[in-house]
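Survey of secondary and tertiary structure
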Amino acid sequence: MSGVVIIAVTIISCVAGYVINANYESKYQEPAIIWSAFALQAFFVLCMLLTWPNPEPTTWFIIWLILSLVSYVIAFIMCKSHAESQHAASSDIWLAIIAQMILPLGVALVAIILIAMVLGVMGGGKKKRR
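Rules used in this analysis
Residues numbered from 1 in each chain as written. Predicted model: local features only at pLDDT ≥ 70, side-chain atom pairs only at ≥ 80, totals over all residues. Heavy atoms only, no water. Helix = DSSP H or I, 4+ residues; strand = E, 2+ residues; numbered from the N terminus. Buried < 20%, exposed > 50% of the residue type's maximum accessible area, 1.4 Å probe, protein only. Contact = heavy atoms within 4.5 Å. Areas by Shrake-Rupley, 256 points an atom, 1.4 Å probe, with all protein chains shown as cover. Lys, Arg positive; Asp, Glu negative; His and termini not counted. Charge placed at Lys NZ, Arg CZ, Asp CG, Glu CD.

Side note on the overall build of the protein chain
- Tallying secondary structure elements over the protein chain gives 4 helices and 0 strands in all.
- Overall, the protein chain shows an N-to-C arrangement of helices and strands of α-α-α-α.
- If you line up the protein chain on its principal axes, its C-alpha atoms span 65 × 30 × 20 Å.
- Across the 130 residues that make up the protein chain, the buried fraction comes to 32%.
- Pairs at least 24 residues apart make up 73% of the contacts formed inside the protein chain by residues separated by at least 6 positions.
- When the accessible surface of the protein chain is summed, it comes to about 8500 Å², and 73% of that surface belongs to carbon and sulfur atoms.
- Each charge class in the protein chain can be summarised by its mean position, and for the 7 positive and 5 negative side chains these summaries are 29 Å apart.

Right under this line is the structure:
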């Protein structure tokens, strides 16, 4: 995937997730994001991205992929029930779910970019010519 695409997806998902969460919080005095589920989602997506198949999937990639999907399903259920308990409008419930789904992806991509930058500065990305 192109670096520009990764950076664009990162910025869009982080900004959109933050704005949706802030708007929801201003309406209902509680954030749309379930932070415990968010932490698990971001961790599992980060681990999945770190074991990205190149060229073929590994066992760890499959494990992290399954855990990511399970964490997303659990977060969906938790976020929906939380929004319904606040008697949120139907459109706000879906916006809360969207924020819960995209913000962890953006945070995981930010972590990947930071890891790549640190490795690049430390010389981990290139071999020195002699």
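Focus on the side chain of Gln100
- When you line up the elements, Gln100 lands in helix 4 (residues 90-121).
- In contact with Gln100, other than residues within four places in its own chain, are Ala32, Ile33, Ile34, Ala37, Phe38, Gln41, Ala75 and Cys79.

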